Every structure is written in C-alpha cells, then in structure tokens.
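Observations on chain architecture
Chain by chain, the residues:
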Amino acid sequence: MQYRQSAFLVNHLVALGHYPEIVENLDPGTVSLLFDDRSENTGQSLRAELERRVDGRVEILGVQEASRGGRRWNLGVSIVSFDRVLCRKLFRTWVKLEHGVYDVGGSSFSDKNLLYDAVLCHGPYSSERLERVYGVKTYQVGYPKYSTAVEQNLSPQSAVRSALGVREDQLLVSWLPTLDEKNSINAFVDEFSALPENIFAVAKLHPMTASLHPDQARGIEVSGVRLLPENVNFELQDLILGSDVTVHDLGGTGLAAIYLWANPIFLEISDSASTANGERTPESMVRSILGAVVPGNLSFAIAESLKVSRPDSPESIMRAGLRRKFFAGEKGLDSLIAARTISRLAARSWLLAWADSNPVSRLVRRLAITRLRKNSVRKLFSQSSVKGGGQ
C-alpha cells in the first residue's frame, strides 16, 4: 500500500486558521487536506471553503471519500479529536496540533490526548503536563498560527483602525469573549456599552457563539456594543496587534496576546475553570500574576494598562516570563519548526505507530490516567474534609 506524506484534518472551519502557516512550509505535492464529509451539508460547505482558500495548490478530499478509495497517509494532523477508527485506518501516525493553552471544554488537557501518538504543543508548560499526566510524546513548536505576524513584526494598527472607522483621537479596545456559558459577556456587557467617547470598543465573538449561545450574541447586540463587522477582512492577530488594549476572559486569545507581545488585560469571572484535573489552569495562573479586572473597574483598568505597556515595566517583564513558560520556538520560525517536525514524524511514522500498538506503551498510558483519576479523587476528598472541618 502506498502512503502519502501528511494530511491535515478539517472537521470545522475553525481548524482552517491553524494550518496555512505550516502547509506553506511543506511541499504541496506531499500534503492533503481532509474534510469531514460524513454529513452532506457540512461536507459541502467545508469543501467549498477549502477550495476557495487553497485554490488548487493542495489536494482536497473528504475522509469517507479517502477511506473508500483506499487512500493512506504516513501522518495525520488534527486540532481536535475525531473518529478514532477512521483515523487509524487513514493515518499510520496521528498527532494533535495544540491550538490554545487552556482547559475550557477539556480540549487541551483531557483523556482525549490518549488517542494520539504525539502532540505538537506550544511550549514547556503543555509539554511537561501532557507527558507527565498522559504519557504522550510531545514536540514543542510554539504558535505556528501567528508565526508570520511575529516574523514580519507586523503593525496593522492603521489598517485595522481605518477598516473599523476609529477616529485619531480614540483608543481602540477589542473585547474577545470566549465560547463558554461562563464567559464575561453577562458580567461586563453594560460596562463596555458605557465606555467613554474617547474609547472605540469592539467585540469579536467566537465564530460559534451565535449558534451555541444565541442569548449571549443577542445580549451584545441589544446593549449597543459594536460587533466586529462580518465584512471586515482581517485575522485575529491583526485585531490583537492593531488594538491599543485587548480584553480577555477564558480561552486562548489572552495567551495569544501575550505571545504576540500585545497589551492584554484579563477579566475576573467565575472560578469554575480555575482548576482542571486537580491542577491550576493557565487562566488562573495568568490572573494570579497579572491580576484581573472585577466588574465596575473596566474603564479604570483600560487607562492603567496604557501606562504599563513600556518594555521595562514590571507588567511587561511578567508577561515576558509567561511567554517563555507557555511558548517555545524562535521568533517568527514557529511555522517552519512545526513543518519540519511534521516532515520528520511522517518519515518515521512506522516507529510511532509501533509504539502506540505496543502493549507496554499502552500499559504506561493506562497507568498514567489511572494515577490522574486517583489523585483527583484524593484532592476532592481532601478539600471536602478541610471545608467540613471549618464549619
């Protein structure tokens, strides 16, 4: 059976934003883009969008189409889990590309990491935790999605401000609430709508907010807060780099702003996501170091953030430390590092596939997850006993 080098799995349009920087550093003749065609409607929309973006440079196939045609790849890359049986049939080796150091929804640090042969992760924090808890091999590749922005030291502020209609005497403040029912929308929407005239505030919702949390989307619209227009054609990194201040709650956008050397502030929200599997989440770690804005203090926090954006300020030094903790890679080279890692893994995929099928390797993974669950239960009972003793 003949194997093509590598395939990138697209089971949602969100995945499209994470692959282009890497694919551009690979030989197009060795790469395929596989979309989820198990649903006819979803498959048709994904194919149409892929064809529009790729313009014939890379092979495009549906996963079922590829399976029926007997197609195989040395390496498959995905940003979220997918049908394991189908992936094992299509890919000799299956790896995950981490797309945000966070725990919302359990996508970064969950048992699903046991599905993969390896994880292409952002940096030291993820690498240590994934290998210790799940026994999965990791490769630190930084944040390829934003590689070009860092490499070219992009400064899209004038283009972004012009596209949004920001006046010269106004500050551009971008609010990036994540896709979660416990995000900052309900707690902060009134404050955003009441910001002074010298602040041009715009909200960029997650692409799936309108469909999964329609009440939140309607709440933003009713409040009068500006939503990022659908016809504005720039990427998330452009908005982050083009803003004077970015405002974040949960999810990966706040850490993306730290990676991009931007000027982020973080909102205080429910502490329900402060721990995951008994360990502190990246969000709670960032808030404990940089602080978080409580309701009622947004306008003051925005003004203060402009005073601490100097490179030698304590806050900038702390952000640099967080950047080293969460992200590896060299400035502007992350996409190239990821591409070369994928090429190497594809070339030796048979070895990784053997390790995954090896009984000893599987046993190590099972023991790791069993230990994790026992520790979580132990911590839960410990916390309960402490609370009970204090009553």
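Keep in mind that this is a model prediction, so the values were computed, not measured.

1. Some words on the sheet that holds strand β3 (residues 59-62)
Pairing in this open sheet of seven strands is parallel, and the strands run β3-β2-β1-β4-β5-β6-β7 from one edge to the other. Sheet topology places β3 and β7 (137-140) at the edges, where each strand pairs with a single neighbour. Strand-to-strand twist in this sheet, taken as the mean axis angle between neighbours without regard to direction, amounts to 25°. When strand β1 (residues 4-10) meets strand β2 (residues 31-35), the two strands line up parallel, connected through five bridges. Across the sheet, alanine 7 pairs through a bridge with serine 32, a residue of β2. Where helix α2 (residues 40-54) meets the sheet, its contacts fall on β1, β2 and β3, and the angle it forms with β2 comes to roughly 150°.

2. Quick notes on empty space enclosed by the protein
Vacant regions in the atomic arrangement are exposed by a probe of water-molecule size rolled over the atoms. On inspection of all chains with the given rule, the structure shows two cavities of 30 Å³ or more. The volume enclosed by the largest cavity comes to roughly 40 Å³. As for the largest cavity, its lining consists of Asp249, Gly251, Gly254, Leu255, Phe266, Pro282, Glu283, Val286 and Arg287. Every element with two or more residues in the lining of the largest cavity is listed here: α12 (253-259) and α13 (282-290). Considering only residue class, the lining of the largest cavity consists of four nonpolar, two polar and three charged. Of the voids in this model, the second largest cavity is the one considered here, and its volume is about 30 Å³. If you trace the second largest cavity, you find it lined by His18, Leu97, Glu98, Tyr143, Pro144 and Lys145. When its residues are assigned to classes, the lining of the second largest cavity shows three nonpolar, one polar and two charged.

3. Some words on the sheet that holds strand β12 (residues 264-266)
If you walk across this open sheet you meet the five strands as β10-β9-β8-β11-β12, and the pairing is parallel. At either end of the open sheet lies a strand with only one pairing partner, and these are β10 (226-227) and β12. Bridging between strand β11 (residues 245-248) and β12 involves three bridges; their strand directions are parallel. Opposite threonine 246, over in β12, you have proline 264 as the bridge partner.

4. Considering the confidence of the model for the protein
For the protein, the mean per-residue pLDDT works out to 82, and 82% of the residues sit at or above 70. Within the protein, the lowest mean pLDDT, 48, falls on strand β13 (residues 275-276), and the highest, 96, falls on strand β4 (residues 73-78). Counting contacts from residues 383-391, a segment whose pLDDT is below 50, to residues more than four positions away or on other chains yields zero contacts.

5. What about the pattern of salt bridges?
With the rule as written, the count across this model stands at 13 salt bridges. The salt bridge involving glutamate 128 is made with arginine 132; its shortest N-O contact spans 2.6 Å. Separated by four residues within a single helix, glutamate 128 and arginine 132 lie in helix α5 (residues 124-134), roughly one turn from each other. Exposure remark for arginine 132: the relative accessible area of 37% places this residue in the partly exposed category. A salt bridge links arginine 161 to aspartate 244; its shortest N-O distance comes to 3.4 Å. Of this pair, arginine 161 sits in helix α7 (residues 157-164) while aspartate 244 sits in the loop between α11 (236-242) and β11, and the two are 83 residues apart along the sequence. What you see here is one network of salt bridges that share partners, running through Arg4, Glu59 and Arg71.

6. Some words on a positive patch on the surface
A contiguous patch of positive charge on the surface is contributed by Lys137, Arg340, Arg344 and Arg348. Tracing the chain through its elements places arginine 344 in helix α16 (residues 334-347). Its relative accessible area of 48% is what places arginine 344 among the partly exposed residues.

7. Notes on unusual backbone geometry
Backbone geometry at tryptophan 261 places phi at a positive 60°, although glycine is not the residue there. Its place among the elements puts tryptophan 261 in the loop between α12 and β12. By relative accessible area, tryptophan 261 is classed as exposed at 52%.

8. Concerning the packing of aromatic side chains
For the coordinates displayed, the defined rule picks out ten aromatic pairs. Aromatic side chains tryptophan 175 and phenylalanine 192 sit 4.0 Å apart centroid to centroid with 5° between the ring planes, which places their arrangement in the stacked category. Taken together, the residues span a long stretch of sequence, with tryptophan 175 in strand β8 (residues 171-176) and phenylalanine 192 in helix α8 (residues 185-193) at a distance of 17 residues. Using a relative accessible area of 4% as the deciding quantity, one classes phenylalanine 192 as buried.

9. Here we look at the environment of aspartate 169
With respect to the secondary-structure elements, aspartate 169 resides in the loop between α7 and β8. Along the sequence, aspartate 169 and glutamate 197 sit 28 residues apart, while their C-alpha atoms lie 9.6 Å from each other. A polar contact of 2.9 Å, which involves the side chain of aspartate 169, links it to the side chain of arginine 167.

10. What to know about the packing of α13 against helix α15 (residues 314-326)
As a packed pair, α13 and α15 sit with axes 10 Å apart at the nearest point and diverge in direction by 160°. Classified by the interaxial angle, the pair formed by α13 and α15 is roughly antiparallel. Helix-helix and strand crossings are classified by hand; for α13 and α15 the assignment is right-handed. Judged by residue contacts, Pro282, Met285, Val286, Ile289 and Leu290 of α13 engage Glu315, Met318, Arg319, Leu322, Lys325 and Phe326 from α15. Classifying every residue of the contact of α13 with α15 by side-chain character gives eight nonpolar, no polar and three charged.

11. Notes on α13
Buried within α13 are the following residues: Pro282, Glu283, Ser284, Met285, Val286 and Arg287. With its phi angle positive at about 90°, glycine 291 sits one or two positions after the end of α13.

Rules used throughout
Residues numbered from 1 in each chain as written. Predicted model: local features only at pLDDT ≥ 70, side-chain atom pairs only at ≥ 80, totals over all residues. Heavy atoms only, no water. Pairing = 2+ DSSP bridges. Helix = DSSP H or I, 4+ residues; strand = E, 2+ residues; numbered from the N terminus. Axes fitted to C-alpha atoms, helices over the stretch in contact; angles between N-to-C directions. Contact = heavy atoms within 4.5 Å. 1 Å grid on protein atoms, 1.4 Å probe; cavity = no way out; pocket = protein on both sides within 12 Å on 5 of 7 lines; lining within 4 Å. Points joined across faces, edges and corners; volume = space filled by probe spheres on them. Nonpolar A, V, L, I, M, F, W, Y, C, P; charged D, E, K, R; others polar. pLDDT = per-residue confidence, 0-100. Salt bridge = Lys/Arg side-chain N within 4 Å of Asp/Glu carboxyl O. Buried < 20%, exposed > 50% of the residue type's maximum accessible area, 1.4 Å probe, protein only. Patch = residues over 30% accessible without salt bridge, like charges linked within 9 Å, V, L, I, M, F, W, Y side chains within 5 Å. Areas by Shrake-Rupley, 256 points an atom, 1.4 Å probe, with all protein chains shown as cover. Lys, Arg positive; Asp, Glu negative; His and termini not counted. Charge placed at Lys NZ, Arg CZ, Asp CG, Glu CD. Phe/Tyr/Trp six-rings, centres within 6.5 Å; stacked < 30°, edge-to-face > 60°. Polar contact = N/O pair within 3.5 Å; in protein donor to acceptor, adjacent residues only side chain to side chain. Parallel < 35°, antiparallel > 145°, perpendicular 65-115°, else oblique. Left-handed = near helix turned anticlockwise from the far one by under 90°.

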